[in-house]
Amino acid sequence: LMRAAAAPAAGPAAEPSLVVAHGTLGRALLSAATGLPVQAFRHFGLKNGEVVEVAWPQDADGKSEGGAFWRRRHPEEGPWRSSAEEQASFEQESVEVGVVDVA
């Protein structure tokens, strides 16, 4: 649903969509949007009431193969983070706590 709601975009900041949810649900949705397993929702430290923006940039053919980008919007604005950045960060966290298989 989130991907279908995202408008075609030339870059991560064009035509954003907004999903409003409380802490755990927001983290689970963000995990799915960035391609992480839903069980990785604890990777995202979202607080209740925090607002994030998610975008799926599309190429000229309308395909979104690069994954989602996201950023915090409220109470403080943060930088755009890519699906690739989140995957690398999650893998690093998993190695640090001793999880062998992150796939």
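Structure's up top.
Quick notes on the overall build of the protein chain
- Scanning the protein chain for helices and strands turns up 3 helices and 3 strands.
- If you list the helices and strands of the protein chain from N to C, you get α-α-β-β-β-α.
- Counting over 103 residues, the protein chain shows a buried share of 37%.
- With the model as given, the accessible surface of the protein chain reaches about 6400 Å², and the carbon-plus-sulfur share is 56%.

What about the packing of aromatic side chains?
- Across all of its chains, the model carries 1 aromatic pair by this definition.
- Ring geometry for Phe44 and Trp70: centres 5.6 Å apart, planes at 80°, overall edge-to-face. Of the two residues, Phe44 is situated in the loop between helix H2 (23–33) and strand E1 (51–55) and Trp70 in strand E2 (residues 69–74); the sequence distance between them amounts to 26 residues.
- Owing to a relative accessible area of 3%, Phe44 belongs among the buried residues under this scheme.

What about the sheet that holds E1?
- Strand order across the open sheet formed by 3 strands is E1-E2-E3, with antiparallel pairing between neighbours. Each edge of the open sheet is held by one strand with a lone partner, namely E1 and strand E3 (81–82).
- Here 5 bridges tie E1 to E2, and the two strands are oriented antiparallel to one another. Paired with Ala55 across the bridge in E2 is Phe69.

Some words on the pairing of E2
- Bridge count for E2 against E3 is 2 bridges, and the pairing is antiparallel. The partner of Phe69 across the bridge, within E3, is Ser82.
- The hairpin formed by E2 and E3 contains 6 residues between the paired strands.

Here's the deal with H2
- Inspection of H2 places Gly23, Gly26, Arg27, Ala28, Leu30, Ser31 and Ala33 among the buried residues, and these make up the whole buried set.
- At the exit of H2 stands Gly35, carrying a positive phi of roughly 85°.

Cut-offs used in this document
Residues numbered from 1 in each chain as written. Predicted model: local features only at pLDDT ≥ 70, side-chain atom pairs only at ≥ 80, totals over all residues. Heavy atoms only, no water. Helix = DSSP H or I, 4+ residues; strand = E, 2+ residues; numbered from the N terminus. Buried < 20%, exposed > 50% of the residue type's maximum accessible area, 1.4 Å probe, protein only. Areas by Shrake-Rupley, 256 points an atom, 1.4 Å probe, with all protein chains shown as cover. Phe/Tyr/Trp six-rings, centres within 6.5 Å; stacked < 30°, edge-to-face > 60°. Pairing = 2+ DSSP bridges.

Keep in mind that these numbers describe shape and distance, not what the molecule does.
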